[in-house]
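# Working through the structure, step by step
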Amino acid sequence: MAKASGKRPGRKKVRQAKQPTRPKGDSGSAAPLMSFRSVVLLALASGLLFLLVGGGLFLSRSRDAGRPLQTAGAGFVGSDKCADCHPSEARLWRSSQHKDAMAHASAQSVRGDFNDAVFDYQGTRSRFLRSGDKFLVETDGADGKLATFEVKYTFGVDPLQQYLIEFPDGRLQALSIAWDSRPKEQGGQRWFHLYPDGGVTHEVPLHWTKLRQNWNFMCAECHSTGVHKNYDAKEDRFATSFAEISVGCESCHGAGSSHVAWAREGRRGDPLKGLPVRFDERIGVSWTADPVISLPQRSAPPASLRKEVETCGLCHARRGPLAEDWKPGQSLSQTHQVSLMDRRLFHADGQMRDDEETYNYAPFRMSRMFAAGVTCSDCHNPHSGKLKASVNATCGQCHAPARYEAVAHRRHAGTELNCASCHMPVRNYMVVDRRHDHGFRIPRPDLSVKFGTPNACNDCHKNQSAQWAAEKVAGWFGERKPDRGTYIAAFHAAWTDQPDAQHLLMTAASSAEVSAYVRASALAELPGPDIELARRSLADPDPMVRIGALDMLEGLPADQLFPIAGPALADPVRGVRIRAAELLAPAPSVSLAKTDREAFARAAAEFVAAQRLNADRPEARTALGNFAARQGNAGEAETEYRAALRLDPFSSAAAINLADLYRSRGRDRDGEQVLREAIARSDRDASLHHALGLTLVRLKQSDAALDELRRSAELDPGRARYAYVYAVGLQSAGRRGDAIAVLKANLQRHPNDRESLAAMINFSREAGDIKSALEYAERLAKFAPNDAVLAKLIDDLRRLPTPQDR
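Cut-off values and rules
- Residues numbered from 1 in each chain as written.
- Predicted model: local features only at pLDDT ≥ 70, side-chain atom pairs only at ≥ 80, totals over all residues.
- Heavy atoms only, no water.
- Helix = DSSP H or I, 4+ residues; strand = E, 2+ residues; numbered from the N terminus.
- Buried < 20%, exposed > 50% of the residue type's maximum accessible area, 1.4 Å probe, protein only.
- Contact = heavy atoms within 4.5 Å.
- Salt bridge = Lys/Arg side-chain N within 4 Å of Asp/Glu carboxyl O.
- Disulfide = S-S within 2.5 Å.
- Lys, Arg positive; Asp, Glu negative; His and termini not counted.
- Phe/Tyr/Trp six-rings, centres within 6.5 Å; stacked < 30°, edge-to-face > 60°.
- Lys NZ or Arg CZ within 6 Å of the ring centre and 35° of its normal.

So, about the overall build of the chain. When helices and strands are counted, the chain shows 37 helices and 19 strands. A buried classification covers 54% of the 806 residues belonging to the chain. The contacts in the chain between residues at least 6 apart in sequence include a share of 61% that link residues at least 24 apart.

Written out as structure tokens, the structure reads:
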């Protein structure tokens, strides 16, 4: 199971919970209503959706007791049938990790030591043993007690192998103790825990028996072929099926029965040969060196829809499923919600972070290689999954070795460095899995100095500073000119709350010099909507940009939304239609034309179907609750929030939104009970304490409210709003001095937090400290230079006498 960090997304906009509109006089929200994108991204934030080890895909299936796990899928014929006519491709596939993505546990497939081996973790001694042909593990179960479980399936091969346990309700769960299959001299041939420092016991959500290690949702789609989850929400059971246990030919080419029929009937008439797509992007294409810039140029521009990249992206992207009717060659956004660039997953330059897997799709789509028209099979053999040649020889297909392997370029004579060492830096995931960043960047230690981003030079020269590395590179190659269309400054400004963030993000979102993936991310990151930019972006040919534009519009009043976002309800891509339906849920249907009502109804049905597909997940049930709440259906919303909490009692999003629903219905006492029950399970969740504090404010329990608000600010000092709200509470309780002290500390951590600056203006002025009030007002004005009210306030403050003037 993919390693989950448990962190929450840190985006300012759609990625993070939003405050719903409040009636006048309300002191705040018990919780924000979270958009579907926000809720799904909470799942992504915990690394819940994907497992990819060593480039292989890992999936599994669950079943009812006695029901065969593997079930033939309609239209699928199996890889053995493909091998009848394609023996050379089948030979390569059989040597790939795709072939071994998942297998029945047997003496041939199991790599781990089951000869009564032991492993100690968090006070539990687990044993791995054999009983005849069965592989068994004795470890802590859901109740924390030792029990013996049979390993049904292996998951992956190299550099680690995981093991799946089947439960009577059709669930398959992935053990968090995995086998390190690397050679012993590389530190392998041992059992290890995927959360070595996490303290994962049966009481926490990341335990192997719990929801976040469930194969049926998190892994199956990318580790088997033709998967159908088949979750029964009424019975809370799975009957998951697949057409082939591992990642076979039809995982990438689509169901093959029509292709077999085409071959039998004489191979005539159909240019697609009976398949859903023909991967022909490289046919007739050549690369030649441009005599001016000395870089390879593609003989023809790439197509706008990159069929191969979108197909590989099904499993090599961080994404969540919207539907199970995926077809190769179509936009991934047709059936999946793709995670955009945010501060939790990426550095500001697009490099993946050490502790969060982004997979290869996003970095590659941001790269110059993608922009130039390079596709996956230019470098990788699509059937073996391996590079076409050695690292340098693969790059040398286009980049002249005489130039790039020379010491004048490499600057590291006598070393074993290759092209990837500097241009595809490695990060470790799942403890032992080394993965290359597919952004293909030039090492830029000068940007590390300016923005704090990592660089390949200091990955090796850890004892030297980024400034040292920047000077070395400048001495070798000269000073770098500013990149056209760079987006690093925009995301750095947004993630550090700089005054020019809005302008820089809008520039990036409008730039033809940056990738569509970056433009979509910049749109979603914008702190406020820009109508003209939204209109232009909603006409962009890339669906991710259109989704990003809809993200940007979140928070716009419903009566203003429909004229802008309404046309997206009929977008050709399902992911766009679903996002539009969610966004437009509060729009009053009575004021819409019949055609608009019908378009909304169709898109809303797709939104609901996407959540019902994932009804085994609290994120999906919470999204349904939010949708119902935004449409004024409180009863249905309560039902969905309660269902989410039954699935995962640790779901803070469900608890907070349920409490907020009760607030809107005048049932704060019920909201208090929900939040206290959630805190009893997750006492260190700052968002729960914050929501409870606001609930207690409304219940006029001031002292208890302040305790909860203080606790939230202490638990998560990275959220400036928590400290701000606590300070407002202190001020309301007559403790202005304490409030000012809290805000000063908050501004030390978040010097550009606008809410804290605005509060300090008021608190300082009320304390008679006109000088400080003026200083804070002038700082705030950097964010709102055209704010006439703020400008007048500054002018008034300048006219007031300070203590020195008296």
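Tallied over the entire structure, the rule returns 47 salt bridges. Note that Arg 698 is salt-bridged to Asp 668, the shortest N-O span being 3.1 Å. In this pair, Arg 698 is assigned in helix α31 (residues 686-698) and Asp 668 in helix α30 (residues 668-681), connecting sequence segments 30 residues apart. Residue classification places Arg 698 among the buried residues on the basis of a relative accessible area of 19%. Owing to a relative accessible area of 12%, Asp 668 belongs among the buried residues under this scheme. Residues joined in a network through salt bridges with shared partners are Asp 551, Glu 554, Arg 579, Glu 582 and Arg 630.

The tally for this structure, following the rule as stated, stands at 1 disulfide. One disulfide in the model links Cys 222 with Cys 315; its S-S distance is 2.5 Å. Residues Cys 222 and Cys 315 share a disulfide whose torsion about the S-S bond is about -100°; that sign makes it left-handed. Linking Cys 222 in helix α5 (residues 220-223) with Cys 315 in helix α8 (residues 307-316), this pair joins segments that are 93 residues apart in sequence. Residue Cys 222 shares its accessibility class with Cys 315, and that shared class is buried. For Cys 422, which is in no disulfide, the shortest distance to another cysteine sulfur is to Cys 457 and amounts to 6.6 Å.

Turning to the side chain of Arg 306, a few remarks are in order. Relative to the helices and strands, Arg 306 is located in the loop between β15 (296-298) and α8. Of the side chains with opposite charge, Glu 281 comes closest to the buried, unpaired Arg 306, at an N-O distance of 4.4 Å. With residues near it in sequence (within four places) discarded, Arg 306 still touches Glu 281, Phe 370, Gly 373, Val 374 and Thr 375.

With the rule as written, the count across this model stands at 18 aromatic pairs. Between Phe 364 and Phe 370 the ring centres are 5.7 Å apart and the planes differ by 80°, which places this aromatic pair in the edge-to-face class. Per residue, the accessibility class of Phe 364 equals that of Phe 370, and both read buried. Here Phe 491 and Trp 495 contribute two aromatic rings whose centre-to-centre distance is 5.5 Å and whose plane-to-plane angle is 55°, an arrangement assigned as tilted. Pair noted here: Phe 491 and Trp 495 are both in helix α19 (residues 488-495), with a separation of 4 residues, about one helical turn. Assigned by exposure class, Phe 491 and Trp 495 land together as buried. Put simply, the rings of Phe 114, Phe 128, Phe 135, Tyr 163, Trp 179 and Trp 191 pair up and form one aromatic cluster. One residue, Arg 171, lies across the ring of Phe 167, its end atom 4.6 Å from the ring centre. The ring of Phe 370 has Arg 306 sitting right over it, with the charged end atom 4.0 Å from the ring centre.

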